[in-house]
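Read off the chains here:
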Amino acid sequence: MRSSAVVSGALAVLLLVLVAVDFQPLLSLDRSVAESLHRSAVAEPGLTHLNRVLSDWVWDPWTMRALITAAVVVLWWRRERLLALWLVGASLAAAAVQQGMKAAVDRNRPSWTDPVDSAHYAAFPSGHALTAALTCALLLWVLALHWRETWRGWSVLAVTAVVSVVGVGWTRVYLGVHWPSDVVAGWLLGWCGAAVAIITYRKYGRNADRRDAQRDTP
């Protein structure tokens, strides 16, 4: 887990540097992929509408935050309050990193004469991709802590999480509101944030949560 956090963080920083210095091979690849997908989006309005529904509703960052909120409520009710606060802290920290990087890089989004969707703020990194990766990783971790050994639906949830993370990245590029490297950076940062949260909780939080639960038990 620690090595994956380091690797994903380092790759995200590398992408940030390449984007910041206008590394032309990366920018050319971004442009080539984005233009190809945009042509498809313009030519297939039905598929474009489906991608907009998935991006703006099913996998929207606010949908992901609602899932985290639900998990926090359940954990709080179960008296695992430190773990609940850990989820809140990880989500807030990831949002702060995302906004800080957007402000620092200030990358323009793709611009089209015939856009099929629109988005605000800077492009790098993709907030949709980052939030989905972070949320899905954290929720799978929490579920694994409690029910992995007894619940048969675990594999279904794991596949759903992977499809959601990959899918939301696809929709953002397909709809022409992000470059591919924005999405990859979002995935890397989301996973890195989740991994750091898991590592730190294992080191500092687990025993404290157990003590609190025992103290609250009549």
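Structure: above.
All of these numbers come straight from a predicted model, not from anything done at the bench.

So, the layout of surface pockets
Size it by volume and the largest pocket reaches roughly 440 Å³. Elements supplying a minimum of two residues to the lining of the largest pocket: α4 (61-77), α5 (81-105) and α6 (127-147). Counting residues per element, the lining of the largest pocket draws most heavily on α5, which supplies four residues. A breakdown of the residues in the lining of the largest pocket according to their chemical character gives five nonpolar, eight polar and seven charged. In terms of lining, the second largest pocket is formed by 17 residues, of which the most central are Leu67, Leu139, Leu140, Leu143 and Leu157. Contributing elements (two or more residues each) for the lining of the second largest pocket: α4, α6 and α7 (154-174). Within the lining of the second largest pocket, the residues separate by chemical class into 14 nonpolar, two polar and one charged.

Comments concerning the packing of α6 against α7
Running from amino to carboxyl end, α6 crosses α7 at an angle of 175 degrees, the nearest separation of the two axes being 9 Å. In terms of their interaxial angle, α6 and α7 are classed as roughly antiparallel. Contacts between α6 and α7 involve His128, Ala129, Ala132, Ala133, Cys136, Leu140, Leu143 and Ala144 from the first element and Trp154, Leu157, Ala158, Ala161, Ser164, Val165, Val168 and Arg172 from the second. Partitioned by chemical class, the residues of the contact of α6 with α7 number 13 nonpolar, two polar and one charged.

A closer look at the pattern of salt bridges
The tally for this structure, following the rule as stated, stands at five salt bridges. Measuring nitrogen to oxygen at the nearest pair gives 2.8 Å for the salt bridge that ties Asp30 to Arg107. In this pair, Asp30 is assigned in helix α2 (residues 24-43) and Arg107 in the loop between α5 and α6, connecting sequence segments 77 residues apart. Residues Arg78 and Glu80 are paired through a salt bridge, measuring 2.9 Å at the closest nitrogen-oxygen approach. Within this structure, Asp30, Arg107 and Asp182 form a network of salt bridges that share partners.

Description of the nonpolar core
Residues Leu15, Leu75, Leu87, Phe124, Leu138 and Trp141 are the most contacted members of the largest nonpolar core, which totals 30 residues. Broken down by secondary-structure element, the contributors of at least two residues to this core are α1 (2-20), α4, α5, α6 and α8 (180-216). Discounting chain neighbours no more than four positions away, the residues touching Phe124 are Ala12, Leu15, Leu16, Val19, Met101, Lys102, Val105, Arg107, Ser181, Asp182 and Ala185. Among the nonpolar cores identified, the runner-up in size contains eight residues, and Val116, Ala129, Leu175 and Val183 belong to it.

Concerning the packing of aromatic side chains
Under the counting rule described, the total for this entry stands at three aromatic pairs. Note on Trp86 and Tyr201: the rings are 5.5 Å apart at their centroids and 75 degrees apart in plane angle, and the pair reads as edge-to-face. Residue Trp86 is located in helix α5, and its partner Tyr201 is located in helix α8; the two are separated by 115 residues in the primary sequence. Given the relative accessible area of 21%, Trp86 is considered partly exposed. Its relative accessible area of 4% is what places Tyr201 among the buried residues. Measuring from centroid to centroid gives 5.5 Å for Trp141 and Tyr201, while their planes differ by 75 degrees, and the two rings are edge-to-face. Of this pair, Trp141 sits in helix α6 while Tyr201 sits in helix α8, placing them 60 residues apart in sequence. By the ring-pair criterion, three or more aromatic residues cluster together here, those being Trp86, Trp141 and Tyr201. The ring of Trp62 has Arg65 sitting right over it, with the charged end atom 4.6 Å from the ring centre.

Rules and cut-offs
Residues numbered from 1 in each chain as written. Predicted model: local features only at pLDDT ≥ 70, side-chain atom pairs only at ≥ 80, totals over all residues. Heavy atoms only, no water. 1 Å grid on protein atoms, 1.4 Å probe; cavity = no way out; pocket = protein on both sides within 12 Å on 5 of 7 lines; lining within 4 Å. Points joined across faces, edges and corners; volume = space filled by probe spheres on them. Helix = DSSP H or I, 4+ residues; strand = E, 2+ residues; numbered from the N terminus. Nonpolar A, V, L, I, M, F, W, Y, C, P; charged D, E, K, R; others polar. Axes fitted to C-alpha atoms, helices over the stretch in contact; angles between N-to-C directions. Parallel < 35°, antiparallel > 145°, perpendicular 65-115°, else oblique. Contact = heavy atoms within 4.5 Å. Salt bridge = Lys/Arg side-chain N within 4 Å of Asp/Glu carboxyl O. Core = buried A, V, L, I, M, F, W, Y, C linked by side-chain atoms within 4.5 Å. Buried < 20%, exposed > 50% of the residue type's maximum accessible area, 1.4 Å probe, protein only. Phe/Tyr/Trp six-rings, centres within 6.5 Å; stacked < 30°, edge-to-face > 60°. Lys NZ or Arg CZ within 6 Å of the ring centre and 35° of its normal.

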